[in-house]
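# Descriptive analysis of the structure
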Amino acid sequence: MIKTVTQILSVPLILTSLVLPVTAAELAAGKEKAGMCATCHGIDGIAKAPNAPNLAGTNAFYITEQLKAFRSGARQHQQMSIIASGLSDEDIADLAAWYSAIKVTATMPAVE
Ligand code: HEC
């Protein structure tokens, strides 16, 4: 059955309301664990490898979903599949807390 627009749009709102506040302990653990991601994604979430995406300020829900997808094999990538296979649910939660908490600002290019 085709979902109505309202049903589809309500999903992110429900998920957002389920996100728990991040604790200082999670942030500290996330920062430490992000050491294993830093070569490619940067400790600050600004990618250092040209083929890796920025993670700074990315929604924790999205980071969590993608890491679990790499871990389960639903999403595949030569490097990330191996890295995610070693992560526990707690590791993923800590890493998502760290990278999502980084504040980013965007400056658009000047275009007439
Ligand atoms: C060796 C380099 C490398 C390391 C180390 C690495 N990643 Fe990645 N990561 C990548 C690349 C490359 C991609 C893009 C995958 C693709 O093209 O599908 C990626 C994708 C991701 C994505 C999906 C982002 C998106 O926009 O969909 C997340 C989340 C992620 N990495 C988190 C992590 C975390 C957390 C760690 C540390 C535990 C880590 N990565 C370590 C290279 C790396």
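Quick summary incoming for the structure in this document. These numbers were taken from a predicted model, which means no experiment stands behind them. Think of each chain on its own: its residues are numbered from 1, step by step along the sequence as written. At least 70 in pLDDT is required for a residue's local features to be given in this predicted model, at least 80 for side-chain atom pairs to be given and counted, and no such filter applies to totals for whole chains, interfaces and linings, which use all residues.

### Regarding the overall build of the chain
Note the following rule: Runs of E in the DSSP output that reach at least two residues are strands. Runs of H or I that reach at least four are helices, and both are numbered from the N terminus. Here a residue counts as buried when 20 or more other C-beta atoms fall within 10 Å of its C-beta, as exposed when 12 or fewer do, and as partly exposed in between; the C-beta atoms come from the backbone. For the purpose of contact definition, each residue receives a C-beta atom placed from its backbone, and two residues are in contact when these atoms lie within 7 Å.
Tallying secondary structure elements over the chain gives 6 helices and 0 strands in all. Along the chain direction, N to C, the helices and strands of the chain fall in the order α-α-α-α-α-α. Burial status across the chain gives 20% buried among its 112 residues. The contacts in the chain between residues at least 6 apart in sequence include a share of 60% that link residues at least 24 apart.

### Quick word on the environment of threonine 23
Along the chain, threonine 23 turns up in the loop between helix H1 (5-18) and helix H2 (24-33). Once the C-alpha coordinates of threonine 23 and alanine 97 are considered, the two residues, 74 residues apart in sequence, prove to be 8.6 Å apart.

### Comments concerning the nonpolar core
The test is simple: The nonpolar core is taken to be a set of buried Ala, Val, Leu, Ile, Met, Phe, Trp, Tyr and Cys residues joined by way of C-beta atoms within 7 Å.
Core analysis: the largest hydrophobic core is formed by 15 residues, its most contacted members being Ile63, Leu95, Ala96 and Tyr99. Elements represented by at least two residues in this core include exactly helix H4 (60-72) and helix H6 (89-101). Contact partners of isoleucine 63, with chain neighbours within four places excluded, come to Leu55, Thr58, Leu95, Ala96, Tyr99 and Ser100.

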